[in-house]
Amino acid sequence: MADVPSLVSLCVDAILRHLVRGDDVSPDIYDLPSHIIDSLVPRLPPLALHKLQAEMPYGNWDDYESIDGSPKHGRKRGRGGNFNTAWKALFKLRWPMLIDRNEPVEWQQMYWETHLQNCLDKAAGLASLPSFDGCIGEMQISDYILKFIVSEEHVNRPMYSKLSFHFHEFGQYARCLKLQNVLCVAETCDLLRNSKLQSLTLRWIMSKEHVDGLCQLLIQNSQTLMSLKFIHSKLSSNFVSSICASLKIKDKQTCVAASFTVRSSSFLENNPVLLPPSFTSFLSGSSLCSLRLCDNHVDRNFARILFTVLINASSRISILDLSDNNIAGWLCNFNWGISSKCQLSFETGKSLQSLRVLNIRGNNLDKDDMESLRYALFYMPNLEVLDISDNPLTCEGIRSLIPYFNEAPERCSPLMELNVENCELSCIGVTQLFDTFSILQRPPTSLSIADNALGSSIAGELGKFLSTSIRELNIGGIGLGSDGFEKLQNEMLAESMLLKINISKNRGGLETAKFVSKLLSLAPDLVAVDASYNLLPAVSLPIFSSALKIAKGNLRSLDLTGIICDSRQNQASMLAEFQHNGKPIVILPSSRVPDVPYDDDP
């Protein structure tokens, strides 16, 4: 015999039906006991939950809760009703792959922002069709999307089907959006009139029509927009001038945008004599903190002009990324007027004194560029991260920078991270780098020498280096082989301070497992090991299992992708017991890897 429903459950079901119908919320609902509200909130679809929360009167509720659960005046919370938890559950149900967040999140805002982005992506696909000749706001939302926000029986309600309804109701939650060129029109500005955008990513901006529509949107959000990014676009001088002018706050000559990115695009004309005045003004603004111009076919002339502007600017840029361009020789004609022994005045290179990250990887830089860079780096006394990877520096180029490494700690904050991947380095140059860092009082704590053909002969010096203060090390693809890993084990005698290490693509075979086992016993702080694609045989699994059982540390990730396992024996199951915060520590191939040698050549 079926259980007789309780009076409380009948009340909850009745209120649920009332809210789901889309009717106005009755004020009497807010006078219900808290345990009924507690039962009701988790059962509501997003639109009904949104209405219940939006129309809640402040006066009848004495509970307030912040995102992290601590008391905070002014944040509405039904007595005993945890709305943020309900919104998180709805988000996880719809986008399970996007739920992995550790920081406090306002899940209602995240839900509707992600929903609006889904709607915009669908709208962009339809608007791109040659046959489209209508209004963007009149576009129909698919039943598939509607089923996530209303009850199934109300999917066909006309009021919910138009794109304009969704932006009118939820546009206030849009903070970070991505737009395709076909949506850079005046109508989109009207749809987003209630939004206060903080981050905007644009794709395929190529015509004056696109720029004109975009500029309206920028003017509309000039007081809140902090980040602007262009991808696969074509930005002429005139376009850049219009964009920068639109970022200025009305009646002021300043803007709040702190991050400006142009990636994989055509940026300005070839060989400009000067940058557009509005762009120069933007670069000199006090708000700009991050400038990324990556993979834009930027040449040495542009880079020289840009660097001249930044040296004389009053901005406080902390990130400068010019990666994947062709700026070789950009510093050769600079008359720095300083040596490594003199002191910088406060006004010299004022903007660059705040620089903390410099990324110039993939620019065909050689040893002569490193000699010039050595002096340029003294304009950056607070530099923490330097990435010069994917450049043919050779050992001579590294030697040119060693005086900077030696003297920088005496003058400024020490460099914390150095990346010299794929720089045609030999054991001689890397050994000199190790020797330099070993005698510094505050050496870099993160180093990547990956993808340099060093071979097993570097293993002896590398084993000693592991016992220094290095915290993160990437030695992937340097050709250690099984002999190199064996030498590493023999040289590792003292405890290591490592947090993360990447030893992937070294063809180490079984010796890789033995090295990891010894490393785990000597590095109590180790949290991540990437040992992928090392021709690991299945017999190495018991070695990893034993090492994890006796490890002193707090390992969270051990990447064994590419291991050659026998699926019939299911040997990988012995590693399933090792978990961190409910997630497996060991990363294994998702399917059986063919029993063939791994080719790690690029």
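The rules behind these values
Residues numbered from 1 in each chain as written. Predicted model: local features only at pLDDT ≥ 70, side-chain atom pairs only at ≥ 80, totals over all residues. Heavy atoms only, no water. Helix = DSSP H or I, 4+ residues; strand = E, 2+ residues; numbered from the N terminus. Buried < 20%, exposed > 50% of the residue type's maximum accessible area, 1.4 Å probe, protein only. Contact = heavy atoms within 4.5 Å. Core = buried A, V, L, I, M, F, W, Y, C linked by side-chain atoms within 4.5 Å. Polar contact = N/O pair within 3.5 Å; in protein donor to acceptor, adjacent residues only side chain to side chain. Phe/Tyr/Trp six-rings, centres within 6.5 Å; stacked < 30°, edge-to-face > 60°. Expected span 1.5 Å × (residues − 1). Axes fitted to C-alpha atoms, helices over the stretch in contact; angles between N-to-C directions. Parallel < 35°, antiparallel > 145°, perpendicular 65-115°, else oblique. Left-handed = near helix turned anticlockwise from the far one by under 90°. Nonpolar A, V, L, I, M, F, W, Y, C, P; charged D, E, K, R; others polar. Salt bridge = Lys/Arg side-chain N within 4 Å of Asp/Glu carboxyl O. Pairing = 2+ DSSP bridges. Right-handed = clockwise from strand over helix to strand, strands pointing away. pLDDT = per-residue confidence, 0-100. Disulfide = S-S within 2.5 Å.

### Some thoughts on the overall build of the chain
Helix and strand counts for the chain stand at 20 helices and 21 strands. Out of the 602 residues belonging to the chain, those deemed buried represent 50%. Looking at the chain alone, contacts between residues at least 24 apart form 78% of all its contacts between residues at least 6 apart.

### Re the nonpolar core
Residues Leu200 and Phe260 are the most contacted members of the largest nonpolar core, which totals 173 residues. Sort the elements by how many residues they give to this core and helix H5 (residues 107–127) lands first, with 10 residues. With sequence-adjacent residues up to four places away left out, Phe260 is seen in contact with Leu228, Phe230, Phe267, Phe279, Phe282, Leu288, Ser290, Leu291, Arg292 and Leu293.

### Brief notes about the side chain of Ser287
Within the element layout of this structure, Ser287 appears in the loop between helix H12 (277–284) and strand S9 (290–294). On the accessibility criterion, Ser287 (18% relative accessible area) is buried. In this structure the side chain of Ser287 is engaged in a polar contact, spanning 3.0 Å, whose partner is the backbone oxygen of Ala257. The contact partners of Ser287, leaving out residues within four places of it in the chain, are Cys255, Val256, Ala257 and Ala258.

### Quick look at the packing of aromatic side chains
Applying the stated rule across the entire model yields 21 aromatic pairs. Between Phe91 and Trp95, the ring centres sit 4.9 Å apart and the planes meet at 55°, which makes this aromatic pair tilted. Comparing Phe91 with Trp95, the two get one shared label, buried. A network of ring pairs unites the aromatic residues Trp87, Phe91, Trp95, Trp107, Tyr111, Trp112, Tyr160, Phe165 and Phe170 as a single cluster.

### Considerations on helix H16 (residues 427–439)
Taking 1.5 Å of rise per residue, the 13 residues of H16 would be expected to cover 18 Å, and the 19 Å separating its terminal C-alpha atoms lies within 8% of that figure. Cys427, Gly429, Val430, Thr431, Leu433, Phe434, Thr436 and Phe437 are the residues of H16 that are buried.

### Quick look at the packing of helix H18 (residues 481–491) against helix H19 (residues 510–522)
Packing of H18 against H19 brings their axes to within 8 Å, and their N-to-C directions diverge by 20°. Taken together, the axis directions place H18 and H19 in an arrangement best described as roughly parallel. Between H18 and H19 lies a crossing of left-handed hand. Mapping the contact onto sequence places Ser482, Phe485, Glu486, Leu488 and Gln489 in H18 and Glu511, Thr512, Lys514, Phe515 and Lys518 in H19. Taken together, the residues of the contact of H18 with H19 break down into 3 nonpolar, 3 polar and 4 charged.

### What about the pattern of salt bridges?
According to the stated counting rule, one finds 13 salt bridges in the structure shown. In this structure, Arg361 and Glu421 form a salt bridge, with 3.2 Å as the shortest nitrogen-oxygen distance. Remark: Glu421 occurs in the loop between strand S13 (417–419) and H16 and Arg361 occurs in the loop between strand S11 (357–359) and helix H14 (367–376); sequence separation between them is 60 residues. Here the two residues Arg361 and Glu421 agree in accessibility, since each one is buried. Put simply, Arg471 and Asp525 hold a salt bridge, and the shortest N to O gap is 3.4 Å. Pair noted here: Arg471 is in the loop between helix H17 (459–465) and strand S15 (472–474) and Asp525 is in the loop between H19 and strand S17 (528–530), with a separation of 54 residues, a long-range link. One network of salt bridges, with partners in common, ties together Arg361, Asp387, Asp390 and Glu421.

### Some details on the pairing of S9
In terms of burial, S9 is a largely internal element, 4 of the 5 residues being buried. As paired strands, strand S7 (residues 259–263) and S9 are joined by 5 bridges and run parallel to one another. Residue pairing for S9: Thr261 is matched across the bridge by Arg292. The sheet contact formed by S9 and strand S10 (residues 319–321) spans 3 bridges and is parallel. Bridge pairing in S10 places Arg292 opposite Asp321. Following the backbone out of S9, through helix H13 (residues 300–311) and into the adjacent parallel S10, one traces a crossover that is right-handed.

### Section: the confidence of the model for the chain
The predicted coordinates ought not to be read in detail in places where the model reports low pLDDT. Of the residues in the chain, 83% reach a pLDDT of 70 or more, and the chain-wide mean stands at 84. In this model residues 59–81 is a low-confidence stretch, pLDDT under 50, and it forms 52 contacts with partners more than four residues away in sequence or in other chains.

### As for unusual backbone geometry
Even without being glycine, His232 reaches a positive phi, approximately 50°. You can see His232 is positioned in the loop between strand S5 (227–231) and strand S6 (234–235). Here His232 falls in the partly exposed class, since its relative accessible area comes to 29%. The phi dihedral of Lys505 is positive, around 55°, even though this residue is not glycine. With respect to the helices, strands and loops of the structure, Lys505 is situated in the loop between strand S16 (500–502) and H19. Residue classification places Lys505 among the partly exposed residues on the basis of a relative accessible area of 26%.

### Concerning the packing of H19 against helix H20 (residues 541–550)
Direction vectors running N to C along H19 and H20 enclose 5°, while the axes themselves pass 9 Å from each other. As summarised for this structure, H19 and H20 are arranged roughly parallel, according to the angle between their axes. Residues Leu510, Ala513, Lys514, Val516, Ser517 and Leu520 of H19 form the contact with H20, whose own contacting residues are Ile543, Phe544, Ala547 and Leu548. Broken down by class, the residue content of the contact of H19 with H20 amounts to 8 nonpolar, 1 polar and 1 charged.

### What about the environment of Asn406?
In this structure, Asn406 sits in helix H15 (residues 394–411). With 30 residues separating them along the chain, Asn406 and Thr436 place their C-alpha atoms 7.1 Å apart. Discounting chain neighbours no more than four positions away, the residues touching Asn406 are Thr436 and Leu440.

### Things to note about the state of the cysteines
According to the stated counting rule, one finds 0 disulfides in the structure shown. Cysteine Cys215 shares no disulfide, and the gap to the nearest cysteine sulfur, in Cys244, comes to 9.4 Å.

### Description of the side chain of Asn221
Positionally, Asn221 belongs in the loop between helix H10 (208–220) and S5. The exposure class of Asn221 is buried, given its relative accessible area of 2%. Separated by 3.0 Å, the side chain of Asn221 and the backbone nitrogen of Leu197 make a polar contact. Of the polar contacts made by the side chain of Asn221, one reaches the backbone oxygen of Leu217; its length is 3.0 Å. Sequence-distant contacts of Asn221, that is, excluding residues within four places in its chain, are made with Ser195, Lys196 and Leu197.

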